[in-house]
Amino acid sequence: MQNSSAKLSTAMRIEMVFDLYRKFGQEDYIGEPVSQIEHMSQAAQIAEKEGYEDEVILAAFFHDIGHLCVTQGDVETMEGYGVLSHEKIGADFLRELGFPEKIAKLVENHVQAKRYLTYRQPEYFEKLSEASRKTLEFQGGKMNEQEAVAFETDPLFELSLKMRTWDEMAKEEHVPLPDLAKYIRIADRMLS
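Residues numbered from 1 in each chain as written. Predicted model: local features only at pLDDT ≥ 70, side-chain atom pairs only at ≥ 80, totals over all residues. Heavy atoms only, no water.

On to the environment of L106, then. Note that L106 resides in helix α7 (residues 101-120). Note on L106: relative accessible area 0%, which makes it buried. Put simply, L106 and E87 are 19 residues apart on the chain and 9.1 Å apart in space, counted from C-alpha to C-alpha. Those residues in contact with L106, other than ones at most four positions away along the chain, are V56, A59, L156, L159, S160 and M163. (Helix = DSSP H or I, 4+ residues; strand = E, 2+ residues; numbered from the N terminus. Buried < 20%, exposed > 50% of the residue type's maximum accessible area, 1.4 Å probe, protein only. Contact = heavy atoms within 4.5 Å.)

Printed below as a string of structure tokens:
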């Protein structure tokens, strides 16, 4: 897709991304009381409320896009809890469309952050929803010391932990959806 997406206009690439939200965003968010789009929108809203820049807000909005961009393909799943390796699938999809590496890396890191936190802070596991605990099993479980030390050297380490916090917080029912046009404008700026 790398070569073919480079030939697409910015408007076409944005349409590819946001069409996924329109088509599949209302689907159940793997055992949580919100839809996919509600979950990702809430994460972005939290990032914005905390004063983060557009790249980070968009990464929060895109963090689970891997669940959406493979809805029609033959993919390995986590027994009803979404797509296995959705973080890598989503990050690669965004890279192929030309989004900044910071966005893709934050999307990719959000599962690693969960694995890290459950290793370094055992009490974090108790805060996880039942669905998040179940997916952790498929995602490699808690990190080991070597993995944790390596993750701590990632330049986006601290921000990745924040993303994970927003991911866990973004499961509230009855939070109004923001206008997608806001995220489309941010995406346009990132790709232009």
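A side chain of one charge can pair with a side chain of the opposite charge when the charged atoms of the two come close. Here the structure, examined in full by the defined rule, presents 21 salt bridges. Note that E126 and R133 form a salt bridge whose closest N and O atoms lie 3.6 Å from each other. On the basis of relative accessible area, R133 is assigned to the partly exposed category, the value being 21%. (Salt bridge = Lys/Arg side-chain N within 4 Å of Asp/Glu carboxyl O.)

Next up on the list: the packing of helix α3 (residues 36-49) against helix α4 (residues 54-62). For the pair α3 and α4, interaxial distance at closest approach is 7 Å and the crossing angle is 160 degrees. Classed by the angle they form, the pair α3 and α4 counts as roughly antiparallel. Judged by the twist between their axes, the crossing of α3 over α4 is right-handed. Across the interface between the two elements, M40, S41, A43, A44, A47 and E48 of α3 pack against I57, A60, F61 and F62 of α4. (Axes fitted to C-alpha atoms, helices over the stretch in contact; angles between N-to-C directions. Parallel < 35°, antiparallel > 145°, perpendicular 65-115°, else oblique. Left-handed = near helix turned anticlockwise from the far one by under 90°.)

Applying the stated criterion across every chain, the model contains twelve aromatic pairs. With a centroid separation of 4.3 Å and 10 degrees between ring planes, the pair formed by F61 and Y183 is classed as stacked. With a gap of 122 residues between them, F61 in helix α4 and Y183 in helix α12 (residues 180-191) connect regions that are remote in the sequence. In this structure, F61 and Y183 share a single accessibility class: buried. Three or more aromatic residues link up through ring pairs in this structure, and these residues are F18, Y21, F61, F62, F99 and Y183. Here K142 stacks its cationic end above the ring of F125, 5.7 Å away from the centre of that ring. (Phe/Tyr/Trp six-rings, centres within 6.5 Å; stacked < 30°, edge-to-face > 60°. Lys NZ or Arg CZ within 6 Å of the ring centre and 35° of its normal.)

Quick look at unusual backbone geometry now. A positive phi angle, close to 65 degrees, is found at H174, a residue other than glycine. Tracing the chain through its elements places H174 in the loop between α11 (157-169) and α12.

This paragraph deals with the confidence of the model for the protein chain. As a note on interpretation, predicted positions should not be read in detail where pLDDT is low. Residues of the protein chain with pLDDT of at least 70 account for 88%, and the chain-wide mean is 89. The least confident element of the protein chain is helix α1 (residues 2-6), whose mean pLDDT is 56; the most confident is helix α10 (residues 145-152), at 98. (pLDDT = per-residue confidence, 0-100.)

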